[in-house]
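Structural overview
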Amino acid sequence: MDLSAVREVSHAVSAAHLFTYLVPEGAQEAAEFGVTDRGPAYLAFRSAALGAVPWQVTLAAFYNFSPRAVRAMDGVWDAAPPERWQAARFVAVGRAMRRVGVRMTADRLAEARSLLDPVVAGADYAGRVLAAANASVALPSDPLVALWQQITVVREWRGDAHLVVLADNGVGPCDCLVLHTAAGGLPTALARTTRRWNDEEWAAATARLTARGWLNSGAPVPSSSVPAATDTAAALADATLTDAGRASRERIEAETDEYCAALWAPIGETGARRLAALIAPISEAFTAAGTFQAVRPA
């Protein structure tokens, strides 16, 4: 299968899924449970499909969050059980889609589902924890939200596969986040606020990537993987990718595409590209509404 088709549909899927973490409707639904901190609310919504697991399980599945960030979700299942968080997530998604005016005809929805459903049904979920959990969730009655949930399954499938590739390449949880921000994938301030790696951890990850020749940073490379205190401020400055870093990051993405080729085999290249086009109105509506501005690096 042409890996460019895998990359195309993966980008479309990610874009169509992303809005749920940024819209006010999610915060409003979480507030109904008495949870007003966006961090624990995010973690509860995204991990609800797993059931009432300890925060350590969520940490393992989410990878690039620090333990202190995920530990903050302790108690969310006391506020409401996972099935209520999942139901509230669907409500928030539906409300947000109606607010921004996502328009997909019944025919378009049916065609998208005709392509997505065999992918979800035929996927190999071994080692794909978040994807498997989401595939087990009963689809809601709202056709647009049901489509979004099927999109979520394949989005998490690629995410689960990506974690395997990162681990295979020796890129740890904080390291992959530093690499992502250096590539312009997320503003550094937002990444650090939401994932809550401290100064020393961020500087150490920057130093490790610099030692591998993947980053240009203002910090000298220390003899150990942990920068000395005097080097920390320099290591916290925004780093940039070297040519080697850019090539390595692209190789990691290409390896992830290779993992995902089997996922899209049931519909082939033509089906994958057609699905990407069919679901584009979702991200287009939220882009027009300004939803993604907060996650675009300045």
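For the structure, see preceding data.
Notes on the structure follow. Going along each chain's sequence as written, the residues are numbered from 1 onward. The predicted nature of this model means local features are confined to residues of pLDDT at least 70 and side-chain atom pairs, given and counted, to a pLDDT of 80 or more, with totals for whole chains, interfaces and linings taken over all residues. Hydrogens are left out, water is left out, and the side-chain values use all remaining heavy atoms of the structure.

1. A closer look at the packing of helix H10 (residues 143-168) against helix H15 (residues 243-264)
What counts, and what does not: Where helices are involved, their axes are fitted lines through C-alpha atoms of the stretch in contact, as for all axes, and angles between N-to-C directions lie from 0 to 180°. Helix and strand assignments follow DSSP, with helices taken as H or I runs no shorter than four residues and strands as E runs no shorter than two, numbered in order from the N terminus. In this scheme, roughly parallel covers angles under 35 degrees and roughly antiparallel covers those over 145, while 65 to 115 is roughly perpendicular and the rest are oblique. By convention the crossing between two helices is left-handed if the near helix lies anticlockwise of the far one by an angle smaller than a right angle, and right-handed if it lies clockwise. Any pair of residues with heavy atoms lying within 4.5 Å of one another is described as a contacting pair. Charged means Asp, Glu, Lys or Arg here, nonpolar means Ala, Val, Leu, Ile, Met, Phe, Trp, Tyr, Cys or Pro, and polar covers whatever is left, Gly included.
For the pair H10 and H15, the least separation of the axes is 9 Å and the interaxial angle reads 135 degrees. By the angle between their directions, the pair H10 and H15 is classed as oblique. Considering only the axes of H10 and H15, their crossing is right-handed. Packed against H10, whose contacting residues are Val154, Trp157, Arg158, Ala161, His162, Val164, Val165, Leu166 and Asp168, the element H15 presents Ile252, Glu253, Glu255, Thr256, Asp257, Tyr259, Cys260, Leu263 and Trp264 at the interface. Residue composition of the contact of H10 with H15, by class: 11 nonpolar, two polar and five charged.

2. Points about the side chain of Thr242
What counts is decided by this rule: Using a 1.4 Å probe on the protein chains alone, a residue whose accessible area is under 20% of its type maximum counts as buried, one over 50% counts as exposed, and one in between counts as partly exposed. Polar contacts, as counted here, are pairs of nitrogen or oxygen atoms within 3.5 Å of one another; within protein the pair requires one atom able to donate a hydrogen and one able to accept it, and residues that are adjacent in sequence qualify only if both atoms are side-chain atoms.
Note on placement: Thr242 falls in the loop between strand E2 (240-241) and H15. Relative accessible area serves as the criterion here: at 13%, Thr242 is assigned to the buried category. For Thr242, the side chain forms a polar contact with the main-chain nitrogen of Gly245, separated by 2.9 Å.

3. Topic: helix H16 (residues 268-288)
What counts, and what does not: Here a helix's expected span is defined as the number of its residues, less one, multiplied by 1.5 Å. Think of it this way: the bend at a residue is just the angle between two axes, each fitted to seven residues, one set ending at that residue and the other starting at it.
With 21 residues, H16 ought to run about 30 Å at 1.5 Å a step, and its terminal C-alpha atoms sit 31 Å apart, in line with that. Roughly 40 degrees is the biggest bend found in H16, and it falls at Ile279, with proline Pro281 one to four residues downstream. Gly268, Gly271, Ala272, Leu275, Ala276, Leu278, Ile279, Pro281, Ile282, Ser283, Ala285 and Phe286 are the residues of H16 that are buried. In this fold, the buried residues of H16 make contact with helix H1 (3-18), helix H7 (82-100), helix H8 (106-122), H10 and H15. Phi turns positive one or two residues past the end of H16, at Gly290, with a value near 80 degrees.

4. What to know about the packing of H8 against H10
For the pair H8 and H10, the least separation of the axes is 10 Å and the interaxial angle reads 35 degrees. In this structure, H8 crosses over H10, and the sense of that crossing is left-handed. Facing Leu109, Ala112, Arg113, Leu116, Asp117, Val119 and Val120 of H8, the residues of H10 in contact are Pro143, Leu144, Ala146, Leu147, Gln150, Ile151, Val153 and Val154. The residue inventory of the contact of H8 with H10, partitioned by class, reads 12 nonpolar, one polar and two charged.

5. Points about the packing of aromatic side chains
As a reminder, the rule being used: In summary, the pairing rule links any two rings of Phe, Tyr or Trp, Trp by its six-membered ring, whose centres are within 6.5 Å, and it sorts them by plane angle into stacked for under 30 degrees, edge-to-face for over 60 and tilted for everything else.
Inspection of every chain in the model, using the stated rule, returns eight aromatic pairs. Ring centres of Phe19 and Trp148 lie 6.2 Å apart, and the angle between their planes is 55 degrees; this geometry places the pair in the tilted category. Pair noted here: Phe19 is in the loop between H1 and helix H2 (24-31) and Trp148 is in helix H10, with a separation of 129 residues, a long-range link. Its relative accessible area of 0% is what places Phe19 among the buried residues. The buried category is assigned to Trp148, whose relative accessible area is 0%.

6. Re the nonpolar core
Selection criterion: In this description, a nonpolar core means a group of buried Ala, Val, Leu, Ile, Met, Phe, Trp, Tyr and Cys residues linked to one another through side-chain atoms lying within 4.5 Å.
Judged by nonpolar contacts, the single largest core of 71 residues is most densely connected at Phe19, Met97, Val102, Leu147, Trp264, Ile282 and Phe286. If one sorts the elements of this core by residue count, H10 sits on top with 12 residues. Apart from residues lying up to four places away in sequence, Ile282 is in contact with Ala16, Phe19, Met97, Val102, Met104, Leu147 and Ile151. Counting 23 residues, the second-largest nonpolar core is a separate cluster that includes Leu43, Phe62, Val70 and Trp77.

7. Describing H10
Between its first and last C-alpha, H10 extends 38 Å over 26 residues, near the 38 Å set by a 1.5 Å rise per residue. In terms of burial, H10 is a largely internal element, 20 of the 26 residues being buried. Sitting at the head of H10, Asp142 places a side-chain oxygen 3.0 Å from the backbone nitrogen of Leu144. Positive backbone phi, approximately 65 degrees, marks Gly170, located one or two places after H10.

8. Focus: unusual backbone geometry
Peptide bonds are trans in most cases, and residues, glycine excluded, mostly fall at negative phi. Positioned with a positive phi, Tyr63 is a non-glycine residue whose angle comes to about 70 degrees. With respect to the secondary-structure elements, Tyr63 resides in the loop between helix H4 (55-62) and helix H5 (67-71). On the accessibility criterion, Tyr63 (16% relative accessible area) is buried. Residue Arg196 is not a glycine yet carries a positive backbone phi of 60 degrees. Following the sequence through the fold, Arg196 ends up in the loop between helix H12 (188-195) and helix H13 (199-211). On the basis of relative accessible area, Arg196 is assigned to the partly exposed category, the value being 39%.

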